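Commentary on secondary and tertiary structure
So the chains spell out like this:
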Amino acid sequence: MINRILLVVLISFCSCNKDFLDVSNELAEEQTLEKIFSTPSSVRKWHRNIYSGVPNTMNFFWITVINTRRTPNPWIWIADEFVGRHRSYFPYTRALEPQADNANFGRWDLYELIRQANIFLERAVEIPKTGSADFLGVTELEELKAHARLMRAYYHYLLFELYGPVPIMDFVVDAAADDLDFARNSVDEVVDFIYNELTDILPQLGNPLPPNQIERVALPTKGTALAIRARLLVYAASPLFNGGYAEAVALRDKEGKQLFPARDPQKWNRALTALQEFIDYANSGHYQLYKVYKEDGSYDPDLSLYELHMKYNKEMILVRADDQGVNPSSGPVGNIDTHNKPRVALGSATTGDSGLLQELLDDFYMNDGLKIDESPKYSEVGYSVAGEDLTGRTEPGTFRMFVNREPRFYQTVFYNGRKWHIGNQVVWFNKGGNSDNSGSAPFTGHMLYKRTSRKVYRQSPHPNSEYRPIIVHRLAEFYLLYAEVLNEVNPNDPRIIEYVDKVRERAGIPLLAAIKPHIIGNQSLQREAIRHEMRIELATEGQRYFDIKRWMIAENPAGKGGLGGKFTGMDMNAPTLDGFYKRTVLQTRTFHRKEYLFPLPQQEMLMSRKLVQNPGYETIRTGD
């Protein structure tokens, strides 16, 4: 709520909430802004809290109890990816339907951090060195201000991603001002503001740190700014924000101003220019796809895909630094190692919290690089025999749906009848199996395995936790975005297939150039291939929901990118093992066109006379 938030947050520490500031006890005392910004340690603590809104893409378990500033990842619940065991979190005949008076998991509170950044930019000054006392020099101050501007621009981007055009707040609001009500800026104005901010600060930003310097891993860099800027322009060129959403194009504010533009195909060219700048920067040695090689020099796709998420590396562009390996299960950051664990594993009591929809499993390729409906290797009849899986990734007796799949499948999916990585215990989710006590099996019959530590276990000599950064953006995503934009500009560009194949090569599957040369130059087929690759490569990392919406394919049927329809999993009530493997409708979701954009919060709408709501949502005013 802009006008209220701008007034209540951080005028002085005597009116602040210590939890919001996330500062030490000393800073929680009553202090004026003048005193805060005259002490180097206080200035740095104020600045560090600005980062707290960076999305926590691994927090998809505790999303109902986490405040917005930690920006959790409920988006995999709404997309065609995931169902948690605690389904009471959401009304699952309507998965997280946003309403103006009850829009769950919005991002409007990011305006608090935008204000904190604005105050920092206005108040922070050099604090000269006097004797042995701490000081804040010009060089450090310039770096902190550049980071504050980057985060301010990034939070505007996150708001834009969810709501569309929003009010631009690049100044500190005077609490005594007569007018504390702000109208929405247009799409083009918001995009230009974010783009110009990120461009202006590029000379002041450093390059990515070497992987061995993890103490500053969460600090944004020049690469971060280039990447955010590029993705922003991809959004601006995509149908949702570029004339494809007719209801939004018709929207006008209270002064008659058009907020969403008509279609402009040239925006793809602008997006390509920004992406090219990022790709050139990345390929100059600043970023690279993470790969691991065996002692004999051969490439190891399995270890590469696993370790990618387990240690800071040169593929990471923007991360959070929270520790995700902590036990027990309660806590604010997700605790993925506890929730992604079958009951038969020692110390587990919450198995089944992460269920993967059958629609996601079906989209993973076979190890020949083909879809399941294209590959002769795919079968859903019976169980494998010795020697049938030449890759050695599955055991004889595995249901054939899970045999001969691509490496990313085995890094993402823990399926029925698979051995747990510690103790070699075979896990059975089916009725009568060893993990279905008290409803503890995953709702869909498939458990999320991606990003789970293979070391954490509550028994010596195994550790209780393992630190890993939380990835928000990484290089593979931008290789695929680059291919997407190249395809929209010129489908005959050879770099389209080249960059998709860079991702496939790391994934350990055959290249498109080798197995599907007929799609080269065909814009529609290449677009389908790129989107499919994004679906698999970035599964459950928090971007799928927004891609579906910007492409405006959310009205497709379930299994074709749609957010509505009948979603399936295994038959968890089947009395036999064979019956368990029958696809069963678990949820029927609906999607309305208004949901292409989230509604502005009802309370904000009630307090404002300048804001207009997104299409399809109503604001109920009393006393009008």
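Residues numbered from 1 in each chain as written. Predicted model: local features only at pLDDT ≥ 70, side-chain atom pairs only at ≥ 80, totals over all residues. Heavy atoms only, no water.

Points about the pattern of salt bridges
Rules: A carboxyl oxygen of Asp or Glu within 4 Å of a side-chain nitrogen of Lys or Arg is what we treat as a salt bridge. Runs of E in the DSSP output that reach at least two residues are strands. Runs of H or I that reach at least four are helices, and both are numbered from the N terminus. Relative accessible area decides the class of each residue, using a 1.4 Å probe on protein chains only: under 20% of the type maximum gives buried, over 50% gives exposed, and in between gives partly exposed.
This structure, assessed with the given rule, holds 42 salt bridges. Here lysine 267 ties to aspartate 188 by a salt bridge, and the two come within 2.8 Å at their closest N and O atoms. With lysine 267 in helix H12 (residues 267-286) and aspartate 188 in helix H9 (residues 187-200), this pair connects stretches of sequence that are 79 residues apart. Taking the shortest distance from any N to any O, the salt bridge between arginine 550 and glutamate 484 comes out at 2.8 Å. Here arginine 550 is found in helix H21 (residues 544-551), whereas its partner glutamate 484 is found in helix H17 (residues 475-489), with 66 residues between them in sequence. Just as arginine 550 is buried, glutamate 484 falls in that class too.

Side note on helix H20 (residues 523-537)
What counts, and what does not: Helix span, expected: 1.5 Å multiplied by one less than the number of residues in the helix. For the purposes of these results, a polar contact is taken to be a pair of N or O atoms within 3.5 Å, where, inside protein, one atom must be able to donate a hydrogen and its partner to accept one; residues adjacent in sequence count only when each atom of the pair is a side-chain atom.
Relative to the 21 Å expected for 15 residues at 1.5 Å per residue, H20 spans 21 Å between its end C-alpha atoms, a close match to the ideal helical length. The N-terminus of H20 is capped by asparagine 522, whose side-chain oxygen sits 3.2 Å from the backbone nitrogen of serine 524.

Points about the packing of helix H18 (residues 495-507) against H20
Cut-off, in case you're wondering: In this analysis an axis means a line fitted to C-alpha atoms, helices contributing only their contacting stretch, and an angle means the value between N-to-C directions, from 0 to 180 degrees. With respect to orientation, any angle under 35 degrees is reported as roughly parallel, any angle over 145 as roughly antiparallel, any angle of 65 to 115 as roughly perpendicular, and every other angle as oblique. The crossing is said to be left-handed when, going from far helix to near helix, the turn is anticlockwise and less than a right angle, and right-handed when the turn is clockwise. We call two residues in contact when some of their heavy atoms are within 4.5 Å. Residue polarity follows a fixed list, in which Ala, Val, Leu, Ile, Met, Phe, Trp, Tyr, Cys and Pro are nonpolar, Asp, Glu, Lys and Arg are charged, and the others, Gly among them, are polar.
At a minimum axis separation of 11 Å, H18 and H20 run at an interaxial angle of 30°. In terms of their interaxial angle, H18 and H20 are classed as roughly parallel. You can see that H18 and H20 cross each other, and the crossing is left-handed. Listed contacts from H20 to Ile496, Ile497, Val500, Val503, Arg504 and Arg506 of H18 are Gln526, Ile530, Glu533 and Glu537. Partitioned by chemical class, the residues of the contact of H18 with H20 number 5 nonpolar, 1 polar and 4 charged.

Re the nonpolar core
What counts is decided by this rule: Side-chain atoms within 4.5 Å link the members of a nonpolar core, which is a set of buried Ala, Val, Leu, Ile, Met, Phe, Trp, Tyr and Cys residues.
Among the nonpolar cores identified, the biggest contains 122 residues, and Phe37, Phe120, Tyr154, Tyr155 and Phe278 are the most heavily contacted of them. The leading source of residues in this core is helix H8 (residues 138-163), at 15 residues. For tyrosine 155, the residues in contact, after removing those within four places along its chain, are Ile50, Tyr51, Ser52, Gly53, Val54, Leu110, Leu113 and Ile114.

Describing H9
Because the α-helix completes a turn every 3.6 residues, residues three or four places apart line up on one side. Helix length check: H9 (14 residues) gives 20 Å between terminal C-alpha atoms against 20 Å at 1.5 Å per residue, within 8%. Among the residues making up H9, those that are buried are Val187, Val190, Val191, Phe193, Ile194, Tyr195, Glu197 and Leu198. Residues of H9 that are buried make contact with H8, helix H10 (222-237) and H12.

Structural notes on the packing of aromatic side chains
The cut-off we apply is this: For Phe, Tyr and Trp, rings pair up if their centres lie within 6.5 Å, where Trp contributes its six-membered ring, and each pair is then called stacked (planes under 30 degrees apart), edge-to-face (over 60) or tilted (otherwise). Only lysine NZ and arginine CZ atoms are considered, and such an atom sits over a ring when it is within 6 Å of the ring centre and within 35 degrees of the ring normal.
For the structure on display, the rule yields 39 aromatic pairs. Centre to centre, the rings of tyrosine 157 and tyrosine 235 are 5.8 Å apart; their planes meet at 90°, and the pair counts as edge-to-face. Of this pair, tyrosine 157 sits in helix H8 while tyrosine 235 is found in helix H10, placing the two residues 78 residues apart along the sequence. Comparing tyrosine 157 with tyrosine 235 shows no difference in burial state: the two are buried. An aromatic cluster of three or more residues is present, and its members are Phe364, Tyr383, Phe399, Phe402, Phe409, Tyr410, Tyr415, Phe580 and Tyr581. The cationic tip of lysine 291 hangs over the ring face of tyrosine 299; the distance from NZ or CZ to the ring centre is 5.9 Å. Sitting above the plane of the phenylalanine 567 ring, arginine 589 keeps its charged end 4.8 Å from the centroid.

Functional significance is not addressed by these values, which are geometric in nature.
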